Amino acid sequence: MLEQKMKIALNQQVNAELWSSYLYLSMSYDMGGKGYEGMASWFAAQAKEEFEHAGRFMKFIGEREGKVKLMPIEAVKQTWDTPKDAFEDTLKHEKIVTEKIHKLMDMAVELKDYATQNMLKWFIDEQVEEEDAVRNILEKLQRIESSPAGLYALDKQLGKRGND
Ligand SMILES: [Fe+2]
Ligand SMILES: [Fe+2]
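So, a few notes on the structure that sits alongside this text. (Residues numbered from 1 in each chain as written. Chains lettered and ligands numbered in written order. Predicted model: local features only at pLDDT ≥ 70, side-chain atom pairs only at ≥ 80, totals over all residues. Heavy atoms only, no water.)

### Looking at the overall build of the protein chain
Going by this rule: Every helix listed is a DSSP run of H or I at least four residues long, and every strand listed is a run of E at least two residues long, numbered separately from the N terminus. A simple rule labels every residue: compare its accessible area, found with a 1.4 Å probe on the protein chains alone, to the largest value its type can have, and call it buried under 20%, exposed over 50%, or partly exposed in between.
The helix and strand tally for the protein chain stands at 5 helices and 0 strands. Mapped in sequence order, the helices and strands of the protein chain form the string α-α-α-α-α. Overall, the C-alpha framework of the protein chain stretches about 55 × 25 × 25 Å when taken along its three principal axes. Classification of the 164 residues of the protein chain by burial places 45% in the buried group.

Right, here's the structure in full:
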């Protein structure tokens, strides 16, 4: 059984993961609308992953005899001036999520909830990977500045996510 406090916090994380999915979906449509089809598909893949993260938390809550409480998902931003802005927001957001995961871990440690600690380990590794991937894209974006040819090449490369 999950302690009440842990259950509430995990349910809040379900909402945070769904909000992340919503945010990347919004970025996906915005980038697609601006002609960056590769980035649109990169963000769509990202949105799908966040939805799966929510699923992992929901499954875990259910397995620990908790009730999943789905809460309203807050509105997200609709438009970004440049791909760099979108990826900067992505990194900012992922850092916030990393902090949230770490706080959940602190709580699980404090409550001696070993099963939750184990489940959270996967997310701790996942956050390291996600932040690293986004940081790499941002470095490339900084290098090409606003060169149309550079942006075109990067867009093509990002469109390959999931296909290689
Ligand atoms: Fe996530
Ligand atoms: Fe994420």
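Now, onward.
### Comments concerning the coordination of the iron ion (ligand 1)
Note on metal geometry: ideal angles are 109.5 degrees for four donors arranged tetrahedrally and 90 or 180 degrees for six donors arranged octahedrally. Just so we agree on the cut-off: Each metal's donors are the N, O and S atoms within 2.8 Å of it, or within 3.2 Å when it is Na, K or Ca, and because water is not part of the set, sites may look incomplete.
Protein coordination at the iron ion (ligand 1): the donors are Glu17 (OE), Glu50 (OE) and His53 (ND1), at 2.1 Å from the metal. Sequence spacing of the donors to the iron ion (ligand 1): E-x32-E-x2-H. Between the iron ion (ligand 1) and the iron ion (ligand 2), a spacing of 3.4 Å is present, and a bridge between the two is formed by Glu50. Of the two residues, Glu17 is situated in helix H1 (residues 4-33) and Glu50 in helix H2 (residues 37-63); the sequence distance between them amounts to 33 residues.

### Points about the coordination of the iron ion (ligand 2)
Applied cut-off: Any site counts as irregular unless it has four donors with all angles between 85 and 135 degrees, making it tetrahedral, or four or six donors with opposite ones more than 155 degrees apart and the rest between 65 and 115, making it square planar or octahedral.
Around the iron ion (ligand 2), the donor atoms from the protein are Glu50 (OE), Glu94 (OE), Glu94 (OE) and Glu130 (OE), and they sit 2.0 to 2.5 Å away. Coordination at the iron ion (ligand 2) comes from 4 donor atoms whose angles at the metal span 54 to 149 degrees, giving a geometry best classed as irregular. Each donor residue of the iron ion (ligand 2) lies on one chain, and together they are spaced E-x43-E-x35-E. By relative accessible area, Glu50 is classed as buried at 1%.

### A few points about a nonpolar patch on the surface
Our working rule: Patch members must show over 30% relative accessible area and no salt bridge, and they are joined within 9 Å when carrying like charges or within 5 Å when they are nonpolar side chains of Val, Leu, Ile, Met, Phe, Trp or Tyr. In short, Shrake-Rupley with a 1.4 Å probe defines the accessible areas, and a residue's cover is counted only from the protein chains shown. Here, a salt bridge means any side-chain nitrogen of Lys or Arg that lies within 4 Å of a carboxyl oxygen of Asp or Glu.
Residues Tyr22, Leu25, Tyr29 and Ile73 make up a contiguous nonpolar surface patch of roughly 430 Å² in combined accessible area. Summarising the element assignment, Ile73 is placed in the loop between H2 and helix H3 (83-110). Under the relative-accessibility criterion, Ile73 is labelled partly exposed at 37%.

### Observations concerning the nonpolar core
Side chains that are nonpolar tend, in soluble globular proteins, to be buried together. Put simply, the test is: Here the nonpolar core consists of buried residues drawn from Ala, Val, Leu, Ile, Met, Phe, Trp, Tyr and Cys, with membership extended through side-chain atoms lying within 4.5 Å. Here a residue-residue contact requires only that any non-hydrogen atoms of the pair lie within 4.5 Å.
One finds Met39, Phe43 and Phe87 to be the most contacted residues of the largest nonpolar core, which totals 21 residues. Leaving out residues up to four positions away in the same chain, Phe87 has contacts with Met39, Trp42, Phe43, Val134, Ile137, Leu138, Leu141 and Leu158. Ranked by size, the runner-up nonpolar core spans 20 residues in total, among them Ala9, Leu10, Ala108 and Leu120.

### Observations regarding the side chain of His93
Mapped onto the elements of the fold, His93 is located in helix H3. Overall, the relative accessible area of 11% leaves His93 in the buried class. Filtering out sequence-adjacent residues up to four positions away, His93 remains in contact with Trp19, Ser20, Leu23 and Tyr24.

### Quick look at the packing of H3 against helix H4 (residues 114-144)
Stated formally: Orientation is described by lines fitted to C-alpha atoms, with helices fitted over the stretch in contact, and by angles between N-to-C directions that extend from 0 to 180 degrees. For classification, angles of less than 35 degrees are called roughly parallel, those exceeding 145 degrees roughly antiparallel, those between 65 and 115 degrees roughly perpendicular, and all remaining angles oblique. By convention, the crossing between two helices is left-handed when the near helix turns anticlockwise from the far helix through less than a right angle, and right-handed when the turn is clockwise. By the convention adopted, Pro, Cys, Tyr, Trp, Phe, Met, Ile, Leu, Val and Ala count as nonpolar, Lys, Arg, Asp and Glu as charged, and the other residues, Gly among them, as polar.
Put simply, H3 and H4 touch, their axes get as near as 9 Å, and they point 160 degrees apart. Relative to H4, the element H3 is oriented roughly antiparallel. Between H3 and H4 the crossing geometry is left-handed. Among the residues making up the contact of H3 with H4, the classes are represented as 16 nonpolar, 7 polar and 8 charged.

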